[in-house]
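Per-entry structural report
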Amino acid sequence: MKPGGILVLLAACLAACSNEARTIGPAMPQTLPSGDADPRIGAYQENAYQVSQGRRYFAWYGCSQCHAEGGPADRDLTDGKWRHGGGFAQVYASVASGHPEQDFVRRIAIEQLWQITAYVRDLPTHTAEKRYRLLVDQKGEAQGSSWNGPQ
Amino acid sequence: MNRASPLLAIGLLAACSGRQSPLAPAGDQAETLHQLFLLALAVCGIVYLVVVAALVWSLMRRGRDEDRDGAMRGLNRGLWATGIGIVLGVTILIVGSFLADRALFATRGEDALEVRITGHQWWWRIEYRVGGTARWIETANELHLPRGRTTRVLLGSADVIHSFWVPNVAGKIDMIPGRRNVLDLTPRQSGWFRGQCGEYCGMQHAHMAFDVKVEEPAQFEAWLARQSRMARPVGDSRGMHGQAVFARTCSACHAVRGTTASGRAGPDLTHVGARRSIAAGTITMSRGALQGWIAQPQALKPGTSMPAIPLAPADADAVAHYLAGLR
Ligand SMILES: [Cu+2]
């Protein structure tokens with residue numbers, strides 16, 4: 001490989017280095033997003049770690065049971081068409097208060113709602129390959145109250 | 001330094017008899033590996049001494065005249081001796097390692113108690129098979145083993161690669177997503193030991209430990225029978241209140257068998273009060289520690305997937321009281 005190519009490759013590798021950078025501990029949001037311009041949104045929406053935690057909780061809190069293909073509600077969240085709006089605060093509200101029966105506002109802590117929202121808003125950007133990859137990666141995790149083991 | 005060196009040596013050796021040490025074997029597999037280690041140490045030690053002695057010897061002979069033929073003869077003899085030494089050493093090590101491997105797998109054909117252990121970031125799901133059935137008894141972060149019997153652990157991982165390691169009982173083996181690794185454990189000494197994840201698996205890898213108790217078979221059976229039971233009904237009003245709060249806020253991730261709480265994402269808490277530590281060996285179990293963990297899991301184990309859930313003080317107190325009573 002030419003030196004120029006190596007440099008480009010190196011730059012590409014390093015560019016991803018800050019993708020998961022985050023503060024840990026009390027800096028976490030304890031309040032709802034104040035609107036789509038809330039300055040904290042970037043730290044969640046643009047952060048690979050926060051989005052991936054969001055995916056984890058999405059499965060753990062049983063969202064995938066209704067929002068996966070063929071689920072009982074089968075409300076597709078991946079098409080990018082939001083019935084109740086696609087802004088951060090709007091999706092947050094859809095999750096937290098749009099499911100009165102599940103009472104997510106009280107059952108899910110605020111920081112987790114931030115992470116889940118970031119993940120839900122990330123869904124429309126997923127390619128088919130990425131969806132498959134995530135499915136394989138999360139096979140071993142619980143979906144709501146069912147867990148079938150990693151195999 | 002001179003006076004400090006014995007102290008230093010004691011400090012280093014003090015770690016050798018601990019409850020997490022491969023140098024204090026308490027089981028057949030660990031004993032086998034320990035013997036192999038001693039054999040390798042002896043062979044390598046002898047080689048080291050011979051090399052150093054030859055070096056010193058040749059330095060002392062520096063400058064001494066000798067006729068060329070004599071020197072060549074000496075060199076030839078030396079080369080032969082070295083060759084024989086290498087072949088001998090390597091043969092001893094290969095035979096030793098072959099025998100050790102056979103010993104590690106000696107119990108594989110026999111019946112054994114089956115335990116399925118799944119690594120999660122950053123805790124251990126532990127399930128005991130009920131003899132010959134498809135039913136499993138689930139617990140977490142504390143492994144009990146009957147002394148003198150072989151337990152076969154079936155290892156898997158739910159997320160990234162972890163590694164199962166109880167050095168006093170056996171060697172370590174990786175837990176790989178999508179793969180089932182198997183390890184036989186035949187402990188010979190009762191007591192508490194410590195297991196630790198042996199493969200870096202993320203921020204709280206160091207806090208991914210577990211307690212291991214080797215006990216007499218009768219004691220073990222009694223423990224397993226207790227674990228298989230539903231949670232004890234709560235007797236007092238504070239406990240009832242705690243149970244209600246738990247069902248509302250914690251049941252998405254935690255199960256307490258015999259109640260409505262049936263989440264599977266986090267550790268099973270049916271008998272959490274009987275465990276020795278909290279959050280995979282992070283803190284010692286007590287009523288206060290439970291409340292501290294519930295209030296601030298992110299402070300005790302930053303990055304853990306257990307969320308900090310704001311609870312009113314009376315609710316937090318009731319939940320901790322309830323969990324401590326789940327024995
Ligand atoms: Cu680990």
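Look a little higher up for the structure.
Reference entry: report on the structure contained in this document. Everything quoted here is computed from the prediction, not taken from an experiment.

1. Focus: the nonpolar core
As a rule of thumb, nonpolar side chains are buried together in soluble globular proteins. Counting 33 residues, the largest nonpolar core has B:I117, B:W124, B:Y128, B:L143, B:F164 and B:L185 as the members making the most contacts within it. For this core, the secondary structure elements donating two or more residues are β1 (113-120), β2 (123-129), β3 (136-140), β4 (142-146), β5 (151-157), β8 (181-185), β10 (209-215) and α4 (217-228) of chain B. Per-element tally for this core: the top contributor is β2(B), with four residues. Within the second largest apolar cluster, 29 residues are counted, among which are A:A59, A:A118, A:V120 and B:A252.

2. Let's talk about the interface of chain A and chain B
Chain A puts 23 residues into the contact, and the matching count from chain B is 29 residues. Overall, the association of chain A and chain B removes approximately 2100 Å² of surface from exposure, summing both partners, and the carbon and sulfur fraction of that is 56%. Where chain A touches chain B, the interface holds one salt bridge. Inspection of the region where chain A meets chain B yields five residue pairs in polar contact (both at pLDDT 80 or more).

3. Topic: the pattern of salt bridges
Evaluation of the coordinates by the stated rule reveals 18 salt bridges over all chains. Here A:R106 makes a salt bridge to A:D103, at a shortest N to O gap of 3.5 Å. With relative accessibility at 26%, the residue A:D103 sits in the partly exposed group. Residue B:R147 is joined to B:E216 by a salt bridge in which the shortest nitrogen-to-oxygen separation is 2.8 Å. Within this pair, whereas B:R147 is found in the loop between β4 and β5, its partner B:E216 is found in the loop between β10 and α4, the two being separated by 69 residues in sequence. A relative accessible area of 33% places B:E216 in the partly exposed class. Through salt bridges with shared partners, a single network forms among A:R56, A:E141 and B:D159.

4. Some words on empty space enclosed by the protein
All names here are of chain B. Summed over the entire model, instances satisfying the criterion amount to three cavities of 30 Å³ or more. Taken as a whole, the largest cavity holds about 530 Å³ of empty space. Listing elements by their share of the lining of the largest cavity, those giving two or more residues are α5 (237-249), β11 (277-278), α6 (287-295) and α8 (313-324). Along the lines of polarity and charge, the residues of the lining of the largest cavity split into 24 nonpolar, eight polar and two charged. In terms of domain composition, the lining of the largest cavity takes at least three residues from each of domain 2 (113-228) and domain 3 (237-324).

About the thresholds
- Note on numbering: residues in each chain are counted from 1, in written sequence order.
- Chains and ligands are labelled sequentially in the order written, the chains with letters from A and the ligands with numbers from 1.
- Per-residue local features are limited, in this predicted model, to residues with pLDDT of at least 70; the limit for side-chain atom pairs, both in listing and counting, is 80 or more; totals at the level of whole chains, interfaces and linings are taken over all residues.
- To obtain the side-chain values, all non-hydrogen atoms of the structure were used and water was disregarded.
- Nonpolar core, defined: a set of buried Ala, Val, Leu, Ile, Met, Phe, Trp, Tyr and Cys residues in which side-chain atoms within 4.5 Å join the residues together.
- Partly exposed describes any residue whose relative accessible area lies between the buried limit of under 20% and the exposed limit of over 50%, with all areas from a 1.4 Å probe on protein chains only and scaled to the type maximum.
- Strands here mean DSSP runs of E at least two residues long; helices mean DSSP runs of H or I at least four residues long; both are numbered from the N terminus.
- Whether two residues are in contact is decided by their heavy atoms, any of which lying within 4.5 Å being enough.
- Here the quantity called buried area is the total loss of accessible area, with a 1.4 Å probe, experienced by two parts when brought into contact, counted for both.
- Salt bridge, as used here, is a side-chain nitrogen of Lys or Arg placed within 4 Å of a carboxyl oxygen of Asp or Glu.
- Identification of polar contacts relies on pairs of N or O atoms within 3.5 Å, with a donor-acceptor requirement for protein atoms, meaning one able to donate a hydrogen and the other able to accept it, and with residues adjacent in sequence counted only if both atoms are side-chain atoms.
- Detection works on a 1 Å grid of protein atoms alone, calling trapped sets that fit a 1.4 Å probe cavities and calling open sets with protein on both sides within 12 Å along at least five of seven lines pockets, with lining residues defined by an atom within 4 Å of a point.
- Grid points are joined across faces, edges and corners, and a volume is the space filled by probe spheres set on the points.
- We call Asp, Glu, Lys and Arg charged. Ala, Val, Leu, Ile, Met, Phe, Trp, Tyr, Cys and Pro are nonpolar, and the rest, Gly among them, are polar.
- Domain extents, as shown, originate in an automatic or database domain assignment.

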